[in-house]
Amino acid sequence: MEQVSVFELSNGIRVVHQYMAREVIHCGLLIGAGSRDERKDEHGLAHFLEHCFFKGTTKRKTFHILSRLDAVGGEITAFPAKEE
């Protein structure tokens, strides 16, 4: 097993990296914030932002992003949970 390095970016995002000499990669983005962290005036904001992450960009529609990922065996999934 290769060494795992953990570091923090200047914006506070924690990165866990493990190099593996493989043809396949995995990238997980876990955000330690959600509905349990919202104030009353922010109710629903975390769920709204979750959906925004899957709406495409100004240059690429959602369909194009998903099609390109699917063509190489990738997938985008989301699972909101209180403790994961």
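Rules used throughout
- Residues numbered from 1 in each chain as written.
- Predicted model: local features only at pLDDT ≥ 70, side-chain atom pairs only at ≥ 80, totals over all residues.
- Heavy atoms only, no water.
- Helix = DSSP H or I, 4+ residues; strand = E, 2+ residues; numbered from the N terminus.
- Areas by Shrake-Rupley, 256 points an atom, 1.4 Å probe, with all protein chains shown as cover.
- pLDDT = per-residue confidence, 0-100.
- Pairing = 2+ DSSP bridges.
- Polar contact = N/O pair within 3.5 Å; in protein donor to acceptor, adjacent residues only side chain to side chain.
- Contact = heavy atoms within 4.5 Å.

Caption draft 1: Broad picture of the overall build of the chain. Along its length, the chain carries two helices and two strands. Moving toward the C terminus, one meets the helices and strands of the chain in the order β-β-α-α. Put simply, the chain shows about 8,500 Å² of open surface, and 57% of that area lies on carbon and sulfur atoms.

Caption draft 2: A look at the confidence of the model for the chain. When pLDDT is averaged along the chain, the result is 78; 83% of the residues meet or exceed 70. Confidence scores differ between elements of the chain, with helix H1 (residues 45-52) showing the lowest mean pLDDT of 75 and strand E1 (residues 4-8) the highest of 89.

Caption draft 3: Main features of the pairing of E1. Bridge count for E1 against strand E2 (residues 14-18) is five bridges, and the pairing is antiparallel. What sits directly across from Glu 8, in E2, is Arg 14. The turn linking E1 back onto E2 is made up of five residues, and Gly 12 within it adopts a positive phi angle of 95 degrees.

Caption draft 4: Examining the side chain of Glu 38 more closely. Within the element layout of this structure, Glu 38 appears in the loop between E2 and H1. Within polar-contact distance, the side chain of Glu 38 engages the backbone nitrogen of Gly 44 at 2.9 Å. In this structure the side chain of Glu 38 is engaged in a polar contact, spanning 3.0 Å, whose partner is the backbone nitrogen of Leu 45. Ignoring any residue separated from it by four or fewer positions in sequence, one finds Glu 38 in contact with His 43, Gly 44, Leu 45, Ala 46 and His 47.

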